[in-house]
Amino acid sequence: MSDTTYTTADAFDEPQDPADEAVTNQPFETTEGDKVYTVTGGDWDTIQAPDEGEKERLIVNMGPQHPSTHGVLRMIVELDGEAVTKMRCAIGYLHTGIEKNMEFRSWTQGATFVTRMDYVAGLHNELVYALAVEKLMGIEDQIPERASVIRVMMSELSRIASHLVAIATGGMELGALTGMTQGFRDREPILDLFEAITGLRMNHAYIRPGGVSVDLPQGIEKTIKETIDLCRLRFKDTANLLIGNSIWLGRTQGVGYLDLTGCMALGITGPILRATGLPWDLRKEQPYCGFENYEFSVPTETTCDVYGRFLIRMAELQESLNIVEQCLDRLQPGPVMVEDKKISWPSQLTVGGDGQGNSLEHIKEIMGTSMEALIHHFKLVTEGFRVPAGQAYVAVESAKGELGMHVVSDGGTRPYRAHMRDPSFTNLQSVAAMTEGGMLSDVVASISSIDPVMGGVDR
Amino acid sequence: MTTPTSEPGDELEPSFGIPIAPLEIAEHRTGQFGITGSPDVSGYGGLSSNVVLPPESLRPFGGWFDEVADSLVEALGTGSGGIEKFVVENGQLTIHVKRDNLHEIAQALRDDPLLRFEMSLGVNGVHWPQESGRELHAVYHLRSYTHNRMVRVESTCPDADPHIPSLTDIYPTNDWHERETYDMFGIIFDGHPYLTRIQMPDDWPGHPQRKDYPLGGIPVEYKGATTPPPDQRRSYN
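Owing to the predicted nature of the structure, the values given are computational and were not obtained by experimental measurement.

> Can you walk me through the overall build of chain B in this structure?
Check the secondary structure of chain B and you find three helices and eleven strands. Put simply, chain B has 237 residues, and 39% of those count as buried. A separation of at least 24 residues holds for 54% of the contacts in chain B among residues at least 6 apart in sequence.

Shown next, in the form of structure tokens:
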């Protein structure tokens, strides 16, 4: 292991001469002594012919390019007729090395990277990253109240957007196309809000260590209120369409069963866990950002199946709307970044004639009047702030479950190691338990009920 | 880093003197900015400082940490010598354990009624190449739903012998997490049912999250200016 040195050329070598391709089917041994084969399709027989007397074995690769696999998820399904006898997931097709990249950027820039992990609910990633860095710096108490309220509001809006995608794509995959069009229609006003507040529909980098990048725009409260009312109205459509719908029930009830024991063993969190009847929600159990001051309930079901998870997501949409409404009542004028000028971004962002950027007043100050302010700006932007050496783990309840961030610092201006415990990654392990023994068509229903986002799974 | 000089269990007795735990020095820095390769003209180029990781914590830890520590020591009995030290930092408890005892300690953490850390949040690797003899760290986060608590368990192994026992038989959820840590750091989890790569392709050479892994970037030229690859840019660490 350690005595081998790898050169760049090793890692980026093109595949060898095509004539050598026949050799790739040769197994190589793992550390555990198991053999690992590389199959490229249509050549399974070269590796393992069916045993004597065994029925014909059919192995189907579902994905990684398949419209019902929620992105680049590959499932290797062993079939007996239409029944699934064995199923394994292969992931890594969207691995982009985000965690490694973060080690070469400043702590503030990390927000830009984590938001691209689970890109459907990116604000949760930013929130948990910011909270973890703040814990490491010991400045949790200095986060202004307004910033915390905005964080809660944005993370709940993000939960709504994520659940809508889960319900919409789940509907589409099971043939309820109207569920898809409605879900994406309903998500659009939420994304418009994001655009108005952060400047972007996704990949916001809005919640940053120390607070949020920019204050809410003037008069946005009214727009948010209108959006909530619109959502309340529109969510009824989806509820009317799917809840109690006999076709929907037929596809989802009793499918993808995973009980509490299975969830605990496999580390499953989120709607899947709550569909077993356990009201475990980190917003209640380990409140962050002042969640203990908000009134909301944790919906549960006891069916342990796809339908139960769907009902929980529908109920959580309403709860999240209630929380956003409470946030509007709690919003008081004030700063949105920590007071400490050695941490907070030196300027507020504003929208100018050429788009969003540093405010003109700030540019005027640093370029025209204050040399020290210019040095300060330059140091903080290029070098960043230092974070005391140590480690911290912070978890939030994302739309998919427990989203944890483990950050390690060596006292420098960059994360020494940043690891996201993404709920999609862990929850995806349960696919085999949910689907083996069932029908092939139920695989799709199970996957959609897990709601994995491959950006978060592979990172 | 700690070398227990007393009998197992003695370390957990309350200490009233000055902390004697050796400092965990992560790094030594010189100069004002921590840069290398270009001269430090700040006038503070002679600065010299150590980056110190949080040291071993002494009793009482505070809160429920003492309860967990006591229960764990009691549950392990004579095996409690496997606990290297307790560290409380940022309001979180880290239990540093020897890798030989990791399995039994995890078993006790899960099964003891007073501990009941029944939920594993996976394992994460950290590579500290400068800590000779314990370069590779495996960090586990365990959550107790019963008591609503969270602890961190940290174990290490040397680069030359990167073996740590697998916890998949205690926490099946660690299956993919251990595969990912193997993939990224090359830590071999003994006893894992099929320890194969999970994110990188099966035939990938090297373990990308290790600090000595070559990034392989090239300088990029744009409008006459050249930007070096990320690992060759000026670093202030």
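Anyway, onward from the coordinates.
> How should I be thinking about the interface of chain B and chain A in this particular structure?
Quite often, the size of an interface is put as the accessible area lost when its parts meet. Taken together, the 48 residues of chain B in the interface contact 51 residues of chain A. Of all the elements, strand β5 (residues 119-127) of chain B adds the most residues to the side of chain B that touches chain A, at six residues. Residue classes in the side of chain B that touches chain A are distributed as 24 nonpolar, 16 polar and eight charged.

> Would you mind showing me how to read the sheet that holds strand β4 (residues 74-80) of chain A here?
All names here are of chain A. An order of β3-β4-β5 is seen for the three strands of this open sheet, with the pairing classed as antiparallel. Both edges of this open sheet fall to β3 (58-62) and β5 (83-90), since each of them pairs with a single strand only. Taking the axes of each pair of neighbouring strands and ignoring which way they run, one obtains an average angle of 20° across the sheet. Here β3 runs beside β4; their pairing, made up of five bridges, is antiparallel. Bridge pairing links M62 to M75 in β4. Across the face of the sheet, helix α17 (residues 440-450) comes into contact with β4 and β5 while running at roughly 150° to β4.

> Could you clarify how one ought to interpret the packing of helix α5 (residues 145-173) of chain A against helix α6 (residues 177-198) of chain A in this entry?
The axes of two packed helices give the description: the angle between them and the distance between them. All names here are of chain A. Running from N to C, α5 and α6 point in directions that differ by 160°, and their axes come no closer than 7 Å. When the interaxial angle is binned, α5 and α6 end up roughly antiparallel. In this structure, α5 crosses over α6, and the sense of that crossing is left-handed. Across the interface between the two elements, L157, I160, A161, L164, V165, I167, A168, T169, G171 and M172 from α5 touch L177, G179, M180, G183, F184, D186, R187, I190, L191 and L193 from α6. A per-class count over the contact of α5 with α6 returns 14 nonpolar, four polar and two charged.

> Quick question: what am I supposed to make of the confidence of the model for chain A here?
The predicted coordinates should not be examined in detail at positions where pLDDT is low. Looking at chain A, pLDDT values average 85 and 87% of them are 70 or higher. Across residues 1-23 of chain A the pLDDT falls below 50, and counting only partners more than four positions away or on other chains, this stretch makes 17 contacts in the model.

Definitions and cut-offs
Residues numbered from 1 in each chain as written. Chains lettered and ligands numbered in written order. Predicted model: local features only at pLDDT ≥ 70, side-chain atom pairs only at ≥ 80, totals over all residues. Helix = DSSP H or I, 4+ residues; strand = E, 2+ residues; numbered from the N terminus. Buried ≥ 20, exposed ≤ 12 C-beta atoms within 10 Å, placed from the backbone. Contact = placed C-beta atoms within 7 Å. Nonpolar A, V, L, I, M, F, W, Y, C, P; charged D, E, K, R; others polar. Pairing = 2+ DSSP bridges. Axes fitted to C-alpha atoms, helices over the stretch in contact; angles between N-to-C directions. Parallel < 35°, antiparallel > 145°, perpendicular 65-115°, else oblique. Left-handed = near helix turned anticlockwise from the far one by under 90°. pLDDT = per-residue confidence, 0-100.

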